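# Overview (structure and organization)
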Amino acid sequence: MTESVRPKILIITTNHSSYPGANAVGQARLAYDSNTYILRVPDPVMFPEEFYLNAFEKGIGGIIIMSSGSDCPYEGAYPRLSARIQNVYNKMKAKNMDINRLKLTTICTVCTESFLKEVANMEQVVSK
Amino acid sequence: MKNDNLKIAVYICHCGGNISDVIDVKRVSQELATYPNVVIGKEYAFMCSSTGQDMVIEDIVKSGINRVVIAACSPALHEATFRGALKRAGINQYLYEHVNIREQASWVHKKDKEGATLKAIALVKAAVEKMARQDELNTIKVPTTQRVAIIGGGIAGMRAAISSAAAGLDVVLIEKQSHLGGKLKRSSAIYPTNETAASVVETLEGLIELNAKIKVFCNAKISSISGFAGNFQINFEFDEAKTEKVEAGVIIIATGFDHYKPYEGEYAYGLSNRVVTLPVFIDIMGTSAEKKLIYDGKTINRIVFVHCVGSRQIDGIDNAQDNGKVNDYCSRVCCSSALFTINKLKDKYPDVDVMDIYSDMRSYGMEHETYYENASKKDILFLRRPLEERPTITPLPDGTFSVKTVDVLTWNEELELIADMIVLVTGMIPNEITDLLEYMKIPRSSDGFIQEVHPKLRPVESANKGIYIAGTALGPMDIIETLQASNTASSKAVALLSQPEIHMDPFVAVVEEDKCSGCGLCPQECSYEGALCMRETDVNGNVKMVASVNQALCVGCGACVAVCPTRAINVAGWTLDQFDAMVEAIAKG
């Protein structure tokens, strides 16, 4: 099935960690669905809460934030990101949105299986 | 930004079929050629070839192209290549966006050519939208102090000092103890060369003493570290009352590790003098008499070694450490170290029986397997336990120990051994350097050691430019690996200070002062002291408070960006307006 009829999944990746991880998936020639769009950022901590809500309003079906987690090289970035996403969840609940459409996870440069699993899980969420 | 004269060129690379076998590159280029602000849409077999690059340069020069988007392989491979092409064509190298349609499209959507093509179209449109909002950026130039400050005078710090000085840099070596050499300053032999550790330290000390470029401060306690890449200031006391302030362009952290110390009762540790850790046993071996091993007044005939003490701990089974977590990491070097020591033990005391209880034998280094093979030939009894099964060690009234363990190699048979001495093969734990890390704003990894940006892509680099990490401050490693990490850190220091100015990427926070409301929220989000503050300024005749960035101290994480109510602060090249436009382009397809 092509993306023209499927909800789109935005995958936010980090320069240092999950973007190379997504490359590793490709280098291994592993497959996942084409309705997935990878954005590369220094760190997702830069996005305000409204960024995610606006993306949903624009028509994005699901968002996976693939952070560096506790191995983030930026001091204090991950706790701030985590708190921010919690606030987004609260706002999504207030709007009666399915909070599963937003997932904060940790993906490293070699986490190919985890990458595929997260994408597959989000595919299930957006296909409901 | 506003630019009424955008001329964007888009190029789609075939990558010799790697991309074009899956993605309809002609369709992508044709659709993009009619997209707003795009004046050229082309596809080509190999954009990275000199012909491909020349095509871009020619279009820039002849058609007045002022933004370029190339969809090809990963930017890790050729982003720098194409930036170079823009530079050669005479335009700002950062007016370029690289779209990955190989690793993240054609290679992962081989069975969905239509989907992959539509995805590529959307991603390239997103890149065009980003470039339509891209300003020229310039590398940040910072004058440098041609000196390296090395914190820690163990073997890692000594090696880094010698290598840095050999490259012509002044070096200041700051050691908290009264002597150099750290934990290596002991009499025992080291693998794989069989040299004594002390002789290695003496050799390095001699090289340092003879080198006028290296200045050593012992008994030093650092009180503050400030500054940024090229211009750090370190204040410290040494020799009790003396104080010193050192200016350095680079800092290398070589603070080493600590040995795990078992708690009382852990494998009977502390219940008998003859339950010792491996480092202590190595010292005992170094000074013990010939022929008979006598320790604590007892002739030792049977010794049991227990691996993974303080390493590979399991939550719920092992006690949490001071940081509230168990040490679930493998300490890596202990298996080889134990095997090397066991071989030395059997060479010196052939009659001593040795039993070795391990979970997984990880003698991973070059030729380290021979230690295992040699030990096997010397009749060492190896018993393999399940990781979650802890051997039970009980001191007996006659001074011996009962050791009960499950042995996987005999189909989980429960065995009881009697021993005169127990050696606990302890792992490495992070050194207590909280103050130092706080001064430098360097995070720890989940294991508690210092976090490097990436072990493969940017080894020994901290997130703070100009601060590198050498040796076991990074994590467990043996002497060879320590020296490799030290030389890597030294090489990076030399590379950074090879010019009188450091050229840093421009991807740091920038403030549009006319947009800034002076609310002061952004400095509260910044973890890097001095990187972001509020200051008074005159904007169009109005004096007001605005956010102000020290570009040399900013690491470009963007934590400040998220809280700005007016979008006055952004990370250059990664602005929120750009991301919003990209998401919109993706959503529209």
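On a predicted model such as this, the values are computed, not experimentally measured, just so you know. (Residues numbered from 1 in each chain as written. Chains lettered and ligands numbered in written order. Predicted model: local features only at pLDDT ≥ 70, side-chain atom pairs only at ≥ 80, totals over all residues.)

## Some thoughts on the overall build of chain A
The condition is simple: Per the convention used, a helix needs a DSSP run of H or I reaching at least four residues, while a strand needs a run of E reaching at least two, with both numbered from the N terminus. As a reference, a globule follows 2.2 Å times the number of residues to the power 0.38, and the radius of gyration itself is taken over C-alpha atoms. Three exposure classes are used, based on other C-beta atoms lying within 10 Å of a residue's own C-beta, which is placed from the backbone: buried for 20 or more, exposed for 12 or fewer, and partly exposed in between. A pair of residues counts as a contact when their C-beta atoms, built from backbone coordinates, are within 7 Å of each other.
In terms of helices and strands, chain A carries 4 helices and 4 strands. Relative to the compact-globule value of 14 Å for 128 residues, chain A shows a C-alpha radius of gyration of 14 Å, a close match. Along the first, second and third principal axes, the C-alpha set of chain A runs to 40 × 40 × 20 Å. When each of the 128 residues of chain A is scored for burial, the buried share is 55%. For chain A, the share of sequence-separated contacts (at least 6 apart) that also reach a separation of at least 24 residues comes to 81%.

## Notes on the overall build of chain B
A tally of regular secondary structure across chain B gives 14 helices and 30 strands. Summarising its shape, the C-alpha atoms of chain B cover approximately 90 × 65 × 45 Å along the three principal directions. When each of the 589 residues of chain B is scored for burial, the buried share is 47%. Contacts in chain B between residues far apart in sequence, at least 24 positions, make up 69% of those at least 6 positions apart.

## Regarding the interface of chain A and chain B
Spelled out, the test is: Here the nonpolar group is Ala, Val, Leu, Ile, Met, Phe, Trp, Tyr, Cys and Pro; Asp, Glu, Lys and Arg are the charged ones; every other residue, Gly included, is treated as polar.
Facing 43 residues of chain A, the contacting portion of chain B comprises 49 residues. The dominant element in the side of chain A that touches chain B, judged by the number of residues it contributes, is helix H1 (residues 18-27) of chain A, at 6 residues. Across the side of chain A that touches chain B, the residue classes tally to 22 nonpolar, 12 polar and 9 charged.

## Describing the confidence of the model for chain B
The following threshold applies: A residue's pLDDT is simply how confident the predictor is in it, with values from 0 to 100.
Predicted confidence across chain B gives a mean pLDDT of 95, with 99% of residues reaching 70 or more. Listed scores for the predicted complex are pTM 0.77 and ipTM 0.96.

## Here we look at the environment of Val-41 of chain A
Mapped onto the elements of the fold, Val-41 of chain A is located in strand S2 (residues 36-41). Considering only alpha carbons, one finds Val-41 of chain A and Thr-13 of chain A, 28 residues apart in sequence, at a separation of 6.1 Å. Aside from chain neighbours lying at most four places away, what touches Val-41 of chain A is Ile-12, Thr-14 and Met-46 of chain A together with Trp-574 of chain B.

## Looking at helix H10 (residues 369-377) of chain B
Residue and element names in this part refer to chain B. Our working rule: Arc definition: it is the arc formed by the directions from the helix axis to the C-beta atoms.
Listing the buried residues of H10 in full gives Tyr-371, Tyr-372 and Ala-375. In an axial view of H10, the angular spread of the buried residues amounts to 100°, which keeps them on one side of the axis. Facing away from the buried side of H10 by over 90 degrees, the exposed positions are Glu-373 and Lys-377. In this fold, the buried residues of H10 make contact with helix H9 (334-348). Among the residues trailing H10, Asp-379 stands out with phi positive, at a value near 65°.

## Some details on the sheet that holds strand S8 (residues 214-217) of chain B
Residue and element names in this part refer to chain B. Selection rule: Pairing between strands is defined by DSSP: at least two bridges between them are needed. Geometry is summarised by axes, namely lines fitted to C-alpha atoms with helices restricted to the contacting stretch, and by angles between N-to-C directions that run from 0 to 180 degrees.
Taken together, the 5 strands give an open sheet; going across it, the order is S8-S7-S6-S12-S25, and neighbouring strands pair in parallel fashion. Lying at the two open borders of the sheet, with one neighbouring strand each, are S8 and strand S25 (467-469). Looking at each pair of strands side by side, their axes are set apart by 20° on average, direction ignored. Bridging between strand S12 (residues 250-253) and S25 involves 3 bridges; their strand directions are parallel. Counterpart to Ile-251 in the pairing with S25 is Ile-467.

## Describing the nonpolar core
Residues and elements named next belong to chain B. For clarity, the threshold we go by: Residues enter a nonpolar core if they are buried, belong to Ala, Val, Leu, Ile, Met, Phe, Trp, Tyr or Cys, and are joined to the set through C-beta atoms within 7 Å.
Formed by 228 residues in total, the largest nonpolar core has its most connected members in Val-124, Ile-150, Ile-252, Ile-422 and Ala-470. Top contributing element to this core by residue count: helix H5 (residues 113-132), with 11 residues. Ignoring sequence-local partners within four residues, the contact set of Ile-150 consists of Gly-157, Ala-160, Ala-161, Val-171, Val-172, Leu-173, Ile-174, Ile-252 and Ala-254.

## Points about the packing of helix H8 (residues 278-287) of chain B against H9 of chain B
Axes are the key here: two packed helices are described by the angle between their axes and the distance separating the axes. All names here are of chain B. Threshold: An angle counts as roughly parallel when it lies under 35 degrees, as roughly antiparallel when it exceeds 145, as roughly perpendicular when it falls between 65 and 115, and as oblique in every other case. Handedness of a helix crossing follows the sense of rotation of the near helix relative to the far helix, less than a right angle counterclockwise being left-handed and clockwise being right-handed.
One way to put it is that H8 packs onto H9 with a least axis distance of 11 Å and a crossing angle of 25°. With respect to H9, the element H8 is oriented roughly parallel. Note on packing geometry: the crossing formed by H8 with H9 is left-handed. For the pair formed by H8 and H9, the contact residues are Leu-278, Phe-281, Ile-282 and Met-285 on the first element and Cys-334, Ser-337, Ala-338, Thr-341, Lys-344 and Leu-345 on the second. The residue makeup of the contact of H8 with H9, split by class, is 7 nonpolar, 2 polar and 1 charged.

## Let's talk about the pairing of strand S2 (residues 38-44) of chain B
All names here are of chain B. The buried count for S2 comes to 5 of 7 residues, which makes it a mostly enclosed element. Both strand S1 (residues 8-13) and S2 contribute to a ladder of 6 bridges, which runs parallel. Bridging across to S2, Cys-13 finds its partner in Tyr-44.

## Some words on the packing of H9 of chain B against H10 of chain B
Residue and element names in this part refer to chain B. Between H9 and H10, whose axes approach to 9 Å, the crossing angle comes to 40°. If you check the angle between H9 and H10, you find them oblique. For the element pair H9 and H10, the recorded crossing hand is left-handed. For the pair H9 and H10, contact is made by Ser-336, Leu-339, Phe-340, Ile-342 and Asn-343 and by Tyr-371, Tyr-372, Asn-374 and Ala-375, respectively. Class assignment of the residues belonging to the contact of H9 with H10 gives a composition of 6 nonpolar, 3 polar and no charged.

## What to know about the domain arrangement of chain B
How we decide: Per the annotation, domain bounds derive from an automatic or database assignment of domains.
Domain parsing of chain B yields domain 1 (1-137), domain 2 (147-256 + 431-502), domain 3 (259-427) and domain 4 (506-572). Computed from C-alpha coordinates alone, the two centres of domain 3 of chain B and domain 4 of chain B are separated by 56 Å.

## With respect to helix H2 (residues 50-63) of chain B
Residues and elements named next belong to chain B. To keep it simple, the criterion reads: Helix span, as expected, comes to 1.5 Å for every residue beyond the first.
Helix length check: H2 (14 residues) gives 19 Å between terminal C-alpha atoms against 20 Å at 1.5 Å per residue, within 8%. Along H2, the residues that are buried comprise Gly-52, Gln-53, Val-56 and Ile-60. All buried residues of H2 lie within an arc of 105° about the axis, which places them on one face of the element. Set apart from the buried face of H2 by more than 90 degrees, the exposed residues are Ser-50, Thr-51, Glu-58, Lys-62 and Ser-63. If you follow the buried residues of H2, they end up packed against S1, S2, strand S3 (67-72) and helix H3 (75-89). The first or second residue beyond H2 is Gly-64, which carries a positive phi of 70°.

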